[in-house]
Protein chains: 2
Amino acid sequence: MNTLSEENYLKCIYRLWQDKDGEKITPTAIAEWLGNNPASVVDMIRKLTEKQLINYDKKKGVELTGQGQKDATMIVRRHRLWEVFLLEKLGYHWDEIHDIAEDLEHIKDATLADRLDKFLGFPEYDPHGDPIPKANGKMAKRHSTTLADVKPGTHCRVAAVKDTTSAFLQYLQKLNINIGTKLQLVEKIQFDGSLVISISGGERTTVSQKFGENILIDM
Amino acid sequence: MNTLSEENYLKCIYRLWQDKDGEKITPTAIAEWLGNNPASVVDMIRKLTEKQLINYDKKKGVELTGQGQKDATMIVRRHRLWEVFLLEKLGYHWDEIHDIAEDLEHIKDATLADRLDKFLGFPEYDPHGDPIPKANGKMAKRHSTTLADVKPGTHCRVAAVKDTTSAFLQYLQKLNINIGTKLQLVEKIQFDGSLVISISGGERTTVSQKFGENILIDM
DNA sequence: AAATAAAATTAGTCTTGCCTAATTTTATTT
DNA sequence: AAATAAAATTAGGCAAGACTAATTTTATTT
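Note that the coordinates shown come from a computational prediction; the quantities given were computed from them, not determined experimentally.

Colleague: Which residues make up the protein's contact with DNA strand C, and what values do they have?
Modeller: Close contacts around DNA strand C come from 18 residues, with Thr26(A), Thr28(A), Thr3(B), Asn37(B) and Ala39(B) the closest. Looking at the surface near DNA strand C, the elements with two or more residues in it are α2 (27–34) and α3 (38–50) of chain A together with α1 (4–19) and α3 (38–50) of chain B. No other element matches α3(B), which puts five residues into the surface near DNA strand C. A breakdown of the residues in the surface near DNA strand C according to their chemical character gives six nonpolar, seven polar and five charged.

Colleague: Let's hear about the domain arrangement of chain A: which residues, and what values?
Modeller: Considered domain by domain, chain A is made up of domain 1 (4–64) and domain 2 (147–218). The centre of domain 1 of chain A, based on its C-alpha atoms, is set 31 Å off from the matching centre of domain 2 of chain A.

Colleague: So what's going on with the relation of the copies chain A and chain B? Which residues, and what values?
Modeller: In the superposition of chain A on chain B (RMSD 0.0 Å, axial shift 0.0 Å), the rotation amounts to 180°. Both copies of the chain, as the preceding transformation shows, are related through a two-fold rotation axis. For chain A, the smallest separation between a C-alpha atom and the rotation axis is recorded for Leu104(A), amounting to 3.7 Å. Here 100% of the interface residues in chain A have copies in chain B that are interface residues too; the copies meet face to matching face.

Colleague: Break down the nonpolar core for me, citing the residues and quoting the values.
Modeller: If you look at the biggest cluster of nonpolar residues, it comprises 28 residues, and the most contacted ones within it are Leu81(A), Leu86(A), Leu81(B) and Leu86(B). At the level of secondary structure, the elements contributing two or more residues to this core comprise α4 (66–89), α5 (97–104) and α6 (112–119) of chain A together with α4 (66–89), α5 (97–104) and α6 (112–119) of chain B.

Colleague: Break down the protein's contact with DNA strand D for me, with residues and values.
Modeller: Around DNA strand D, 18 residues are found, and the nearest of them are Thr3(A), Asn37(A), Ala39(A), Thr26(B) and Thr28(B). Elements represented by at least two residues in the surface near DNA strand D include exactly α1 (4–19) and α3 of chain A together with α2 (27–34) and α3 of chain B. Looking at the surface near DNA strand D element by element, the count peaks at five residues for α3(A). Residues that form the surface near DNA strand D fall into these classes: six nonpolar, seven polar and five charged.

Colleague: Which residues make up the packing of α1(B) against α2(B), and what are the values?
Modeller: Residue and element names in this part refer to chain B. Two numbers describe how α1 lies on α2: the axes approach to 10 Å, and their chain directions differ by 110°. On the basis of the axis angle, α1 is roughly perpendicular to α2. Remark: the crossing between α1 and α2 carries right-handed chirality. Contacts between α1 and α2 involve Asn8, Cys12, Ile13 and Leu16 on the former and, on the latter, Ala29, Ile30, Trp33 and Leu34. By residue class, the composition of the contact of α1 with α2 is seven nonpolar, one polar and no charged.

Colleague: Before we move on, can you summarise the pairing of strand β1 (residues 54–57) of chain A with the specific residues and values?
Modeller: All names here are of chain A. With four bridges connecting them, β1 and strand β2 (residues 61–64) associate as antiparallel partners. Of the residues in β2, the one forming a bridge with Ile54 is Leu64. Here β1 hands over to β2 after three residues, the two strands then running antiparallel side by side.

Colleague: Describe α6(A), and please don't skip the residues or the numbers.
Modeller: For α6(A), the complete set of buried residues consists of Leu112(A), Ala113(A), Leu116(A) and Asp117(A). Across the axial projection of α6(A), the buried residues extend over an arc of 135°, all falling on one side. For α6(A), the elements touching its buried residues are α4 of chain A together with α5 of chain B. Just downstream of α6(A) lies Gly121(A), where phi reads positive at about 85°.

Colleague: Can you tell me about the sheet that holds strand β6 (residues 204–207) of chain B, naming the residues and giving the values?
Modeller: Residues and elements named next belong to chain B. Within the open sheet, the five strands sit side by side as β6-β5-β4-β3-β7. Their pairing is antiparallel. Either end of the sheet is taken by a strand with one partner, and the two such strands are β6 and β7 (215–218). Within this sheet the neighbouring strands show an average axis-to-axis angle of 45°, counted without direction. By the bridge criterion, four bridges tie strand β5 (residues 195–199) to β6 in an arrangement that is antiparallel. In the sheet register, Ile197 faces β6, and the bridge partner there is Thr205.

Colleague: Run through unusual backbone geometry, naming residues and quoting values.
Modeller: All names here are of chain A. One non-glycine residue with positive phi stands out, namely Ser200, at about 50°. Inspection of the secondary structure assignment puts Ser200 in the loop between β5 (195–199) and β6 (204–207). Take Ser200: there are 13 C-beta atoms within 10 Å of it, and that puts it in the partly exposed class.

Colleague: Help me get a handle on the interface of chain A and chain B, residues and values and all.
Modeller: Contacts between the two partners involve twelve residues from chain A, matched on the other side by twelve residues from chain B. Elements supplying a minimum of two residues to the side of chain A that touches chain B: α5 and α6 of chain A. No other element matches the four residues that α6(A) contributes to the side of chain A that touches chain B. When its residues are assigned to classes, the side of chain A that touches chain B shows seven nonpolar, one polar and four charged.

Colleague: Tell me about the sheet that holds β6(A), residues and numbers included.
Modeller: All names here are of chain A. One open sheet accounts for five strands, arranged β6-β5-β4-β3-β7; its pairing is antiparallel. Bordering the open sheet on either side are β6 and β7 (215–218), each of which pairs with just one other strand. Taking the axes of each pair of neighbouring strands and ignoring which way they run, one obtains an average angle of 45° across the sheet. Both strand β4 (residues 182–188) and β5 contribute to a ladder of five bridges, which runs antiparallel. When the bridges of β5 are listed, Leu185 appears paired with Ile197.

Colleague: Go over the environment of Leu16(B) with me, naming the residues and quoting the values.
Modeller: Residues and elements named next belong to chain B. Note on placement: Leu16 falls in helix α1. The spacing of Leu16 and Val84 is 68 residues in sequence and 23 Å in space, taken between C-alpha atoms. Here Leu16 is in contact with Ile25, Ala29, Ile30 and Trp33, once residues within four sequence places are set aside.

Colleague: How would you summarise α4(A) if you had to cite specific residues and measurements?
Modeller: Relative to the 34 Å expected for 24 residues at 1.5 Å per residue, α4(A) spans 34 Å between its end C-alpha atoms, a close match to the ideal helical length. Once α4(A) finishes, Gly91(A) follows within two positions and takes phi at roughly 75°, a positive value.

About the criteria used
Residues numbered from 1 in each chain as written. Chains lettered and ligands numbered in written order. Predicted model: local features only at pLDDT ≥ 70, side-chain atom pairs only at ≥ 80, totals over all residues. Near = placed C-beta within 6 Å. Helix = DSSP H or I, 4+ residues; strand = E, 2+ residues; numbered from the N terminus. Nonpolar A, V, L, I, M, F, W, Y, C, P; charged D, E, K, R; others polar. Domains from an automatic or database assignment. Least-squares fit on C-alpha atoms with pLDDT ≥ 70 in both. Contact = placed C-beta atoms within 7 Å. Core = buried A, V, L, I, M, F, W, Y, C linked by C-beta atoms within 7 Å. Buried ≥ 20, exposed ≤ 12 C-beta atoms within 10 Å, placed from the backbone. Axes fitted to C-alpha atoms, helices over the stretch in contact; angles between N-to-C directions. Parallel < 35°, antiparallel > 145°, perpendicular 65-115°, else oblique. Left-handed = near helix turned anticlockwise from the far one by under 90°. Pairing = 2+ DSSP bridges. Arc of directions from axis to C-beta. Expected span 1.5 Å × (residues − 1).

If you want it as structure tokens, here you go:
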């Protein structure tokens, strides 16, 4: 069984692995993501390597082993299931659930996740549009195209959000954007990558490139 | 905000305070309840005293301050609400919920307990028959008469259980005893305090004194 | 290739919360 | 009251997981 801290590292590595496909995962990247000191990360890399949950090679960076992947996937499963619970059953808003799920995900019990899954009706996606791993570890594919990737003129649908901080989610709320909202990318501003978009076929708004990179879309 | 460990001590002190009314709460008693070393308890007593959550006096033993009581009550509230959730919503059995709630109770969020309370329909009692503190800290009175306290011949109803270990709860299950089950105390054996009881008006069974002391009853 | 910058690592420290062993204080017997 | 037992406390340590500061390794410039 893994400690709280170990679980957080595993989840972080899993996250970085999914996000930056191809790029190697360095101690510094982990340190930045977790807000820890690189020296601490090196300690934990040693520990997780001893536990055979990761492999570390200077050339390849950090990689999850089979077991590490399994463990990380189950943490993500728990996190996303709890998010659904908090939103659908307890009436929390979009932007409030992440931090609470961050705590709930660490509660380990042989059948808890599966019972919760059943109770919630086996949801496929969490409230941020991320796929929920099944009990066997399988999950629907993540959306990978961002609003910033498409050509001007493209019509699309918000499938998920990358960033789940409340700052971002509250901003989306203000713009009336949710999972499923229809968007059109009207124009890309050369100068700084800003995007002019039309929300639900209506009003035009300009958003930053960073904004666009955090909206995952279906076409 | 209190740490996990601090919360466990507070809950323990609260528990001992409710249980052994009158008797003072000693470091040794706390150590035994938590399975810790008395030396560790002394450390924590110092810490909680500094945080003004308890007072400690050799004569009076350990006592919760006003704030300490509030904090402890809220931990108990969360624990008992989660127990209801686990049993009613996730379909766990009586004897499986305590340990999981032990983890869930430490999750802190300004509105989580209140939302859960509402979601569950504001239950008055948890699955072990213990009253659930309300948001304002008030709660129904605990049952205090045990099966071992009454005179032979008495008819009563199981109102709650004191011991919540699965060993005890599984034993009750085997005897077909639940909250609400009608019992009659038929006879007390002088020799060792054993109790002859009739369960639901039916079969006679002999149980130990310790058993009787852990069954709280209504008459 | 040498110089510089960045990243990784080592060494040593700190806090929390636990421990054991030794000692002191308090209670209980005789 | 003295002897003994039990409880409380102090002192010193340990592991986890973080930190800072110093050093070494690797990458990037010039």
